[in-house]
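Understanding the architecture of this molecule
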Amino acid sequence: QVQLVESGGGLVQAGGSLRLSCAASGRTFGTYGMGWFRQAPGKERESVAAINWSGAMTYYADSVKGRFTISRDNAKNTVYLEMNNLKPEDTAVYYCAKRRTSAVWYPKFREDEADYWGQGTQVTVSS
């Protein structure tokens, strides 16, 4: 019942910036958390960032903390990932995901908590 569509990926030089967007369908976007994951070739998919239903609480992987910012605009059914000071090791396919509702919000969004996924968008950072 929820469809997610990512956009904004591309090729950027190290030190550059990109902003990813994820648009969600439905009328309940403001009731659930969202997050971003990424998967590099030969690597396990990892949780990058998460945000709760209101945007008041966020989580970042240590590898991106201070460089990436997750945000959301519930009026537009959209979650964003602002990526600054990009590094070659940030190269990956980035996926947005809907977080399954739970009784308590935990900072780290685990992959098994996702009930809907976008198709992914490629981010390539050249050295």
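Only a predicted model underlies this, so the values are computations on that prediction, with no experimental measurement involved.

Description of the sheet that holds strand β7 (residues 68-73)
An order of β1-β3-β8-β7 is seen for the 4 strands of this open sheet, with the pairing classed as antiparallel. This sheet does not close on itself; its edge strands, each paired only once, are β1 (4-7) and β7. In this sheet, neighbouring strand axes are inclined to one another by 15° on average, regardless of whether the strands run parallel or antiparallel. When β1 meets strand β3 (residues 18-24), the two strands line up antiparallel, connected through 4 bridges. Across the sheet, L4 pairs through a bridge with A24, a residue of β3.

Considering the nonpolar core
If you look at the biggest cluster of nonpolar residues, it comprises 34 residues, and the most contacted ones within it are W36, L81, M83 and Y94. Those residues in contact with L81, other than ones at most four positions away along the chain, are L18, R19, L20, W36, V48, A49, F68, T69, I70 and Y94.

Digging into the state of the cysteines
Applying the stated rule across the entire model yields 1 disulfide. The residue that forms a disulfide with C22 is C96, at a sulfur-sulfur distance of 2.0 Å. Taking the sign of the S-S torsion, about 50° here, the bridge from C22 to C96 comes out right-handed. A residue pair is termed long-range when its members are at least 10 positions apart, and C22 in strand β3 and C96 in strand β9 (residues 92-99) qualify at 74 residues. Note on accessibility: C22 and C96 belong to one class, buried.

A short note on the side chain of T121
Tracing the sequence through the fold places T121 in strand β11 (residues 121-126). When its relative accessible area of 11% is taken as the criterion, T121 is described as buried. Side-chain polar atoms of T121 contact the backbone nitrogen of G9, separated by 3.2 Å. In contact with T121, not counting residues within four places along its chain, are E6, S7, G8, G9, L20, A92, V93 and Y94.

Examining the pairing of strand β8 (residues 78-83)
Counting buried residues along β8, 5 of its 6 residues qualify, which places the element largely inside the surrounding structure. In this structure, β3 lies alongside β8, joined through 6 bridges in antiparallel fashion. Looking at the pairing, L20 lines up with L81 of β8. Of the pairings in the sheet, the one linking β7 to β8 comprises 6 bridges and is antiparallel in character. Bridge assignment links S71 to a residue of β8, and that residue is Y80. Hairpin connection between β7 and β8: a loop of 4 residues separates the two successive antiparallel strands, and N77 in this loop has a positive phi of roughly 55°.

A closer look at unusual backbone geometry
Apart from glycine, the bulk of residues carry a negative phi angle, and the bulk of peptide bonds sit in the trans form. A positive phi is found at N77, a non-glycine position, where the angle reads about 55°. Structurally, N77 is set in the loop between β7 and β8. Even without being a glycine, N85 presents a positive backbone phi close to 50°. Secondary-structure assignment places N85 in the loop between β8 and β9.

What counts and how
Residues numbered from 1 in each chain as written. Predicted model: local features only at pLDDT ≥ 70, side-chain atom pairs only at ≥ 80, totals over all residues. Heavy atoms only, no water. Pairing = 2+ DSSP bridges. Helix = DSSP H or I, 4+ residues; strand = E, 2+ residues; numbered from the N terminus. Axes fitted to C-alpha atoms, helices over the stretch in contact; angles between N-to-C directions. Core = buried A, V, L, I, M, F, W, Y, C linked by side-chain atoms within 4.5 Å. Buried < 20%, exposed > 50% of the residue type's maximum accessible area, 1.4 Å probe, protein only. Contact = heavy atoms within 4.5 Å. Disulfide = S-S within 2.5 Å. Polar contact = N/O pair within 3.5 Å; in protein donor to acceptor, adjacent residues only side chain to side chain.

Function-wise, these values are silent; they only describe arrangement.
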